[in-house]
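Residue-level structure breakdown
Residues per chain, in single letters:
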Amino acid sequence: MVQASCLRACHDYILKRNIGRGKVFGNKWMSKRKPSWTLLYLWATVLTVLQIKPVRFNQWLRWDGTKDIHNYLPVAGGPLSPVQPSPAPACQGRCLRHVMRQPPVWHDKRVLEHLRTRIEEAPRTPGHFPNPHHPPWANLPSHSIIETYIRNVLQTKEGGVFVEVGAQDGLWLSNSWWLEAARGWRGLLVEADPHNYLHLRASPRTSRTLPVCVTTGLRVKQDKLIRTRFPSNTTEEVYCNQKGHSKLFKYATKSDVGFGETWTSTCFPLFSVLVAAGYRQVDLLIFDMYGGGFEMTSEFLSLNAAIGKKFYAKVILYQDNELQQFFNMEDLQASFQQQGYKLIQMTQFHYLAVSLDAFIIQ
């Protein structure tokens, strides 16, 4: 349509330019020199190109609005900064423009490669640390109850595999440390808060670590997180509890917003993290967070079923401080039963989902 109109306009222009130099034969104007068809098509091509709208610039940008592909992913070995350049770009070689129109999916090779480069080997920091068999917090009611359930469910299994999302410093109230130290388990410790991750890297843990935010869903996205400011005059127990009190901003309370500080991070799908770590099946999956534990668990089960059950977790341990306010426990247990899991409420805020074909609870 545009090309045809350009051809007509160009043809009329050439005729008018030569009309004064032509002769009349039978009331028709005849040019002394016929117009060149090559020139005609050249002008039509130029006009057509000018009429077509160029590719929108925002299609060249990442979903967070940055112009450089280095800026949309976290920096290896440090906290995420939306304007801090990364020394290792997310994709090697050329990145196609059409891929940049929307966030990549969980199985995108660039995402998996980026996560693999960010996984660090076990810290194994030497020093004097609490005894994992009898840590100072062993007498806290919530911790002792959870540990009892875990040891009963997992029984005497040795050499298992775990993934802990929200590992904090790797020690305080950790539900995987005893398995690692006493039963030879190995796994992946994931911590999104840069402050906590520094403490994690200074711990004696013998599992790999990953400093990223994990999200539900199938695509990478930008999200806002919030952490509690550390008080200067408080007990060690309160300090450690508040030190790990970081969460997604959408789960923050009014007091969290008033006394906390926020930062923006690139959050990766859990499926991407599992593939990058080389785990299609884990014995224990832990969501140790102050908000969103139930959502992470339910999304993991439902989305995993939607993609053909490519992953399998025998036991899922999660924390959710607001679950009882919105759900009925019997309805939840029925829902988990349909997905092949038995849901157990261990404490007021801690829940255990055990695969029906994996273990027998004693």
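Here's a quick rundown of the structure.

Quick notes on the rules
- Residues numbered from 1 in each chain as written.
- Predicted model: local features only at pLDDT ≥ 70, side-chain atom pairs only at ≥ 80, totals over all residues.
- Heavy atoms only, no water.
- Axes fitted to C-alpha atoms, helices over the stretch in contact; angles between N-to-C directions.
- Helix = DSSP H or I, 4+ residues; strand = E, 2+ residues; numbered from the N terminus.
- Parallel < 35°, antiparallel > 145°, perpendicular 65-115°, else oblique.
- Left-handed = near helix turned anticlockwise from the far one by under 90°.
- Contact = heavy atoms within 4.5 Å.
- Nonpolar A, V, L, I, M, F, W, Y, C, P; charged D, E, K, R; others polar.
- Disulfide = S-S within 2.5 Å.
- Buried < 20%, exposed > 50% of the residue type's maximum accessible area, 1.4 Å probe, protein only.
- Phe/Tyr/Trp six-rings, centres within 6.5 Å; stacked < 30°, edge-to-face > 60°.
- Lys NZ or Arg CZ within 6 Å of the ring centre and 35° of its normal.
- Pairing = 2+ DSSP bridges.

Axis separation between helix α3 (residues 109–118) and helix α9 (residues 270–277) bottoms out at 9 Å; the angle between their running directions is 60 degrees. Between α3 and α9, the interaxial angle falls into the category oblique. Where α3 crosses over α9, the two elements pack in a sense that is right-handed. Touching V111, L112, L115 and R116 of α3 are S272, V273, V275 and A276, all from α9. Here the contact of α3 with α9 is composed, by residue class, of six nonpolar, one polar and one charged.

Simply put, disulfide is the name for a covalent bond between the sulfur atoms of two cysteines. A complete count under the given rule lists one disulfide for this structure. The disulfide partner of C213 is C267, and the gap between their sulfur atoms is 2.2 Å. Taking the sign of the S-S torsion, about 85 degrees here, the bridge from C213 to C267 comes out right-handed. Highlighted residues: C213 in strand β6 (residues 213–215) and C267 in strand β9 (residues 260–269), separated in sequence by 54 residues. The class of C267 is buried, set by a relative accessible area of 1%.

For the coordinates displayed, the defined rule picks out eight aromatic pairs. Taking the centre distance of 5.9 Å and the plane angle of 50 degrees together, the rings of F271 and F300 count as tilted. Residue F271 is located in helix α9, and its partner F300 is located in helix α10 (residues 293–306); the two are separated by 29 residues in the primary sequence. Residues F271 and F300 agree in their burial class; the two are buried. Of note, R151 hangs over the ring of W178, and the distance from its end group to the ring centre comes to 3.9 Å.

Taking strand neighbours across the sheet as the criterion, the seven strands line up as β5-β4-β3-β10-β11-β13-β12 in an open arrangement whose pairing is mixed. Looking at the sheet topology across the chains shown, the edges are occupied by β5 (208–210) and β12 (341–345). The mean inter-strand angle of the sheet, taken between neighbouring strand axes irrespective of direction, is 15 degrees. Relative to strand β4 (residues 186–190), strand β3 (residues 161–165) runs parallel, the two being bridged by five bridges. Its bridge partner being in β4, F162 is matched across the sheet by G187. In the packing of α9 onto the sheet, contacts are made with β3, β4, β5 and β10 (281–287), and the angle to β4 comes to roughly 140 degrees. Strand contacts of helix α12 (residues 329–338): β11 (312–319), β12 and β13 (350–355), with the helix running at about 155 degrees to β12, the strand carrying the most contacts.

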